[in-house]
Amino acid sequence: VNADAMGVVAAGGWTVGVVCDGVSMSPRSDRAALVASVDAAPACTYVAAAVGAGGVWVSWVGDSRAYWLPDEGPGFALTEDDTGAHDALSAWLGADAGDLEGRARSYRPSGPGRLLLCTDGLWRYLSSAEELRAAVPRRRPGSA
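Everything numeric in this text was worked out from a predicted model, so none of it was measured.

## Some words on the environment of Ala10
- Its place among the elements puts Ala10 in strand β1 (residues 4-11).
- Here Ala10 falls in the exposed class, since its relative accessible area comes to 60%.
- Residues Ala10 and Ala50, spaced 40 residues apart in sequence, show a C-alpha to C-alpha distance of 9.5 Å.

What follows is the structure, given as structure tokens:
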């Protein structure tokens, strides 16, 4: 069962996206990810971003990630994993998540690029920003 889910909305010059990954050790984690990608629900990691003319704003819990992949220059992660010893997940959304401390970051790109939101279902296979950037199609000159 794929426990990843996503949602994207564009309106009034803004694009907002969210990606969630159900925590595999919890029951019905696929349902939790689907519900959290449109509302907020238990047992999943989460990354969301709002993109507008003024920049990029990212919020996350767990090990779902956001990457800035510029058209020119090196890409990089905008998020930091919530993991502890042995890369074990230390934070997630859910009834049993305990006290959460919100994490957010803003970034103002200096040029065009792509914002990639993903779960460990992608970044465990393409682990560097450069590998991810190589897999994301780039705009052709003159395209929107």
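## Regarding a nonpolar patch on the surface
- A cluster of nonpolar side chains, namely Trp14, Val16 and Trp57, defines an oily patch on the protein surface of about 290 Å² accessible area.
- Take Trp57: it is sitting in strand β4 (residues 55-61).
- Note on Trp57: relative accessible area 38%, which makes it partly exposed.

## Some details on the packing of aromatic side chains
- The final tally for this structure, using the stated rule, is three aromatic pairs.
- When the ring of Trp68 is compared with that of Tyr107, the centres are 6.1 Å apart and the planes differ by 50°; the resulting orientation is tilted. One end of the pair, Trp68, is in strand β5 (residues 65-70); the other, Tyr107, is in strand β7 (residues 103-107), with 39 residues separating them in the sequence.
- Measuring from ring centre to ring centre gives 5.2 Å for Phe76 and Tyr107, while their planes differ by 80°; the resulting arrangement is edge-to-face.

Reading guide: rules and limits
Residues numbered from 1 in each chain as written. Predicted model: local features only at pLDDT ≥ 70, side-chain atom pairs only at ≥ 80, totals over all residues. Heavy atoms only, no water. Helix = DSSP H or I, 4+ residues; strand = E, 2+ residues; numbered from the N terminus. Buried < 20%, exposed > 50% of the residue type's maximum accessible area, 1.4 Å probe, protein only. Patch = residues over 30% accessible without salt bridge, like charges linked within 9 Å, V, L, I, M, F, W, Y side chains within 5 Å. Areas by Shrake-Rupley, 256 points an atom, 1.4 Å probe, with all protein chains shown as cover. Salt bridge = Lys/Arg side-chain N within 4 Å of Asp/Glu carboxyl O. Phe/Tyr/Trp six-rings, centres within 6.5 Å; stacked < 30°, edge-to-face > 60°.

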